[in-house]
Amino acid sequence: MRRPFAGALALAAAAALIPLASPASATSDSVVIGGFPVDISQSPWTVALSSRDRFGGTRAGQFCGGVAVDRSRVLTAAHCLSAAVLGAPPGQMADLKIITDRTDLLSSRGKEVAVTATWVNPQYNSFTNAGDFAVLTLASPLPPSSVIPMAAAGDQAYTPGTAATVYGWGDSTGGGDYALSLRGANVQVLPDTACQQAYPGGLGGKYVAESMLCAGVSAGGHDACQGDSGGPLVAKGRLIGLVSWGNGCGQAGSPGVYTRISEVVKTLTVGR
Ligand code: 4AZ
């Protein structure tokens, strides 16, 4: 989607039965596009964000992804918590939960944990999508094994060419086929120039290297997509990105744009 919000909005609209134009073309072979099934035990820090009140129960209320960065805190995308997506400020959503340790959304495996507080990055710019992250505080702590370390600035995991995997329950084809079971897609960290070329500004969006990270595969076909927003991009066992935006899904020349986790680390460190 050209507009960063489009994916979560599509889910909101689907839940509300508002007719939507079909998304702009995306490859059909294309988490996640061009992905593979993942058992949650392989990425135990990946969580689903859920509100059945807002999004209905057919997919357990899943509308975005998230990732546990300590036992009581989950990172997600700021745009996942916008009033446009949620229909209300996040603090007013009585049934906002995270689902942990569950591969299949409709199974009873794992746990649903209530969110007791939401913090949206005050620097988040909903026009450029810079600073697209938010923190959820959980009602009860997760096990230590469910937490992934964040890669700080200068970490080798950010080097272009590094293999990375993105995880989510989002659109698995680019055609609105939201997954019921967790998927992953293998991509690589791409040089900032790849996204600067693809997203120079204007209608297609603007890539800001300081706060965003570019990832994909140059031929296309492997990518995050609608519904994956807020979910993790992992390299060398560390969190490097959150699914944020892009033009369509899996198209050559339109890499995925992620929230750069080193910026999150800086912000969270300053705040405490
Ligand atoms: C979305 O609309 C979205 N291909 C998320 C990720 C990407 C594109 C769109 C990246 O939520």
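This write-up is about the structure you can find in this document. Since the structure is predicted, the reported quantities are computational estimates derived from the model, not experimental observations.

### Here's the deal with the pattern of salt bridges
Here is step 1 of the chain: With the rule as written, the count across this model stands at nine salt bridges.
Here is step 2 of the chain: Salt-bridge contacts for Lys97 lead to Glu112; the nearest nitrogen and oxygen are separated by 3.8 Å. Here Lys97, found in strand E5 (residues 97–100), pairs with Glu112, found in strand E6 (residues 111–120); they are 15 residues apart in sequence, far enough to count as distant.
Here is step 3 of the chain: Exposure remark for Lys97: the relative accessible area of 25% places this residue in the partly exposed category.
Here is step 4 of the chain: Owing to a relative accessible area of 29%, Glu112 belongs among the partly exposed residues under this scheme.
Here is step 5 of the chain: Each member of the salt-bridge network shares a partner with another, and the members are Arg52, Lys97, Arg102 and Glu112.

### Structural notes on the nonpolar core
Here is step 1 of the chain: Formed by 39 residues in total, the largest nonpolar core has its most connected members in Leu75, Val166, Leu233, Ile240 and Tyr258.
Here is step 2 of the chain: At four residues, strand E12 (residues 238–245) tops the list of elements feeding residues into this core.
Here is step 3 of the chain: Excluding residues that lie within four positions of it along the chain, Tyr258 makes contacts with Val166, Ser211, Met212, Leu213, Ala215, Asp223, Ala224, Leu233, Gly241, Leu242, Val243 and Ser244.
Here is step 4 of the chain: Residues Cys80, Val85, Val113 and Ala134 belong to the second largest nonpolar core, which totals 21 residues.

Cut-offs used in this document
Residues numbered from 1 in each chain as written. Predicted model: local features only at pLDDT ≥ 70, side-chain atom pairs only at ≥ 80, totals over all residues. Heavy atoms only, no water. Salt bridge = Lys/Arg side-chain N within 4 Å of Asp/Glu carboxyl O. Helix = DSSP H or I, 4+ residues; strand = E, 2+ residues; numbered from the N terminus. Buried < 20%, exposed > 50% of the residue type's maximum accessible area, 1.4 Å probe, protein only. Core = buried A, V, L, I, M, F, W, Y, C linked by side-chain atoms within 4.5 Å. Contact = heavy atoms within 4.5 Å.

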